[in-house]
Amino acid sequence: MAGTKAKTEVFTIDEMGEPSAERSDTNKKTCIFAQYVQPCLAELFGTTMFVFVGCASVIGNVGDAGVIQPAVAHGLALGVLIMVLGQISGGHFNPAVSLSVYLCGGMGLSLLLPYVLAQMCGGMIGAGLTKVIYPTDLYNASLGGAFNIVNDDLGKTTVAEVMMTLFLTTVVCMGAVNGQTRSPSAPFCIGLTVTANIFAGGMVSGACMNPARAFGPAVAANHWNHHWVYWVGPASGALLTVMFIRLLFGDQKTRVVFK
């Protein structure tokens with residue numbers, strides 16, 4: 001009986017050990033998916049939707065001199081997308097935002113490049129979808145929602161992009177990343193910031209603030225007129241935001257708590 005009992009115990013332990021190893025392997029795969037794959041998919045989907053709505057609002061606004069329709073469409077779309085996807089990826093949908101969030105300690109380096117690639121792909125998909133659904137003449141008249149510098153004053157246009165991106169990335173980092181100032185209303189505030197910036201600078205530079213938003217329509221419409229402005233301006237604005245936060249809060253390790 002003693003020998004039988006010992007064999008039974010050993011058999012039970014072995015049987016319980018196999019599912020435990022399987023669970024451990026499953027949990028590891030789930031963790032990798034949740035940490036790396038799922039956030040990138042959220043950035044891809046969110047950027048696709050944002051660029052689609054943004055380009056569609058511009059194409060549908062052909063003939064109207066105002067910026068009300070694009071401003072409201074971009075702001076509302078971004079706020080809603082951050083609200084529903086922010087808990088998965090942070091809701092960046094913008095390489096300039098990802099750069100500033102990374103430099104402020106809100107995300108790891110291992111996700112920065114995948115995020116940017118996902119955002120660029122999302123921009124192309126979103127812009128491509130608008131090209132598919134809109135009539136060719138209407139699409140061509142609006143350049144498919146691509147940005148077009150009409151005043152040829154590249155200095156003023158670049159400065160406008162720097163300042164508007166500085167405003168946007170400051171709101172993102174202070175409202176959604178910084179532990180001392182983080183607010184549940186951050187998605188609403190970020191969407192309003194985009195709307196305000198388009199109202200303020202839409203007639204100057206188009207108020208891009210987002211290289212992915214510029215890149216997607218440029219690819220779809222093959223329009224590359226001074227495209228570099230929409231990379232240099234937002235990237236510079238993001239870097240200024242990081243400098244501002246460092247100056248305001250000092251050493252983030254002791255004074256600022258980032259998620």
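Residues numbered from 1 in each chain as written. Predicted model: local features only at pLDDT ≥ 70, side-chain atom pairs only at ≥ 80, totals over all residues. Heavy atoms only, no water.

By the naming in an unreviewed UniProt entry, the protein chain goes by Aquaporin-4 and is assigned to Perca flavescens. The annotation that UniProt attaches to the protein chain under Subunit (unreviewed entry) is "Homotetramer. The tetramers can form oligomeric arrays in membranes. The size of the oligomers differs between tissues and is smaller in skeletal muscle than in brain. Interaction between AQP4 oligomeric arrays in close-by cells can contribute to cell-cell adhesion. Part of a complex containing MLC1, TRPV4, HEPACAM and ATP1B1." Here the protein chain is described in UniProt, under the heading Sequence similarities (unreviewed entry), as follows: "Belongs to the MIP/aquaporin (TC 1.A.8) family." (UniProt positions renumbered as here; feature names shortened; annotations may be inferred.)

*Asks:* Describe in detail the UniProt feature "transmembrane region" (unreviewed entry) in the protein chain, supporting the description with residues and values.
*Replies:* The UniProt entry lists residues 36-59, 65-85, 97-117, 158-177, 189-208 and 228-249 under the feature "transmembrane region" (unreviewed entry), expressed in the numbering used here. Secondary structure content for residues 97-117 is 76% helix and 0% strand, and the end C-alpha separation is 13 Å. In residues 228-249, the share of helix is 95% and the share of strand is 0%. The end C-alpha atoms are 32 Å apart. (Helix = DSSP H or I, 4+ residues; strand = E, 2+ residues; numbered from the N terminus.)

*Asks:* Lay out helix H8 (residues 211-221) in plain terms, naming residues and giving numbers.
*Replies:* Across the 11 residues of H8, nine count as buried, placing the element largely inside the fold. Along H8, the residues that are buried comprise Pro211, Ala212, Arg213, Ala214, Phe215, Gly216, Pro217, Ala218 and Ala220. Where H8 begins, the capping side chain belongs to Asn210, and its oxygen is found 2.9 Å from the backbone nitrogen of Ala212. A positive backbone phi angle near 55 degrees is found at Asn222, which sits one or two residues after H8. (Buried < 20%, exposed > 50% of the residue type's maximum accessible area, 1.4 Å probe, protein only. Polar contact = N/O pair within 3.5 Å; in protein donor to acceptor, adjacent residues only side chain to side chain.)

*Asks:* Go over the nonpolar core, please, and point to the residues and values.
*Replies:* In terms of nonpolar packing, the biggest core is built from 38 residues, with Leu78, Val101, Leu168, Ile190, Ile198 and Met209 touching the most fellow members. For this core, the secondary-structure elements that each account for two or more residues are helix H1 (2-59), helix H2 (68-89), helix H3 (95-103), helix H4 (109-133), helix H6 (154-177), helix H7 (186-201) and helix H9 (229-249). In terms of residue count, the dominant contributor to this core is H6 (eight residues). Setting aside anything within four residues of it in sequence, one finds Leu168 in contact with Asn94, Val97, Ile190, Thr193, Val194, Asn197 and Met209. Membership of the second largest hydrophobic core comes to six residues, among which are Phe147, Ile149, Cys208 and Ala214. (Core = buried A, V, L, I, M, F, W, Y, C linked by side-chain atoms within 4.5 Å. Contact = heavy atoms within 4.5 Å.)

*Asks:* Give me the environment of Phe45: which residues, what numbers.
*Replies:* One can find Phe45 in helix H1. Owing to a relative accessible area of 47%, Phe45 belongs among the partly exposed residues under this scheme. In the structure, Phe45 is positioned 76 residues away from Cys121 in sequence and 9.5 Å away in space, judged by C-alpha atoms.

*Asks:* Provide a residue-level description of the packing of H6 against H7, including the pertinent values.
*Replies:* The interhelical angle for the contact between H6 and H7, taken along N-to-C directions, is 170 degrees, at an axis separation of 10 Å. Overall, the two elements H6 and H7 adopt an arrangement that is roughly antiparallel. Counted together, Met164, Phe167, Leu168, Val171, Val172, Gly175 and Ala176 of H6 and Ala186, Cys189, Ile190, Thr193, Val194, Asn197 and Gly201 of H7 form the full contact between these two elements. Of the residues contributing to the contact of H6 with H7, the split by class is 10 nonpolar, four polar and no charged. (Axes fitted to C-alpha atoms, helices over the stretch in contact; angles between N-to-C directions. Parallel < 35°, antiparallel > 145°, perpendicular 65-115°, else oblique. Nonpolar A, V, L, I, M, F, W, Y, C, P; charged D, E, K, R; others polar.)

*Asks:* Account for the confidence of the model for the protein chain, naming residues and giving values.
*Replies:* Taken as a whole, the protein chain shows an average pLDDT of 87; of its residues, 85% reach a score of 70 or greater. Low pLDDT (under 50) marks residues 1-16, which in the prediction has zero contacts with non-local residues, meaning those over four places away or in another chain. (pLDDT = per-residue confidence, 0-100.)

*Asks:* Describe the side chain of Ser100, and please don't skip the residues or the numbers.
*Replies:* For Ser100, the position within the fold is in helix H3. Take Ser100: its relative accessible area is 1%, and that puts it in the buried class. Once residues lying within four places of it in the same chain are set aside, the contact partners of Ser100 are Thr169, Cys173, Ala238 and Val242.

*Asks:* Lay out the pattern of salt bridges in plain terms, naming residues and giving numbers.
*Replies:* Where charged atoms of side chains with opposite charge meet at close range, the side chains can pair. Here the structure, examined in full by the defined rule, presents one salt bridge. The salt bridge partner of Lys156 is Asp153, with a shortest N-O separation of 3.8 Å. In this structure Lys156 comes out as exposed when scored by relative accessible area, which is 57%. (Salt bridge = Lys/Arg side-chain N within 4 Å of Asp/Glu carboxyl O.)

*Asks:* Requested: an account of unusual backbone geometry, with residues and values cited.
*Replies:* The phi dihedral of Phe93 falls on the positive side, at around 55 degrees, and the residue is not glycine. Mapped onto the fold, Phe93 is located in the loop between H2 and H3. Backbone geometry at Met209 places phi at a positive 65 degrees, although glycine is not the residue there. Within the element layout of this structure, Met209 appears in the loop between H7 and H8.

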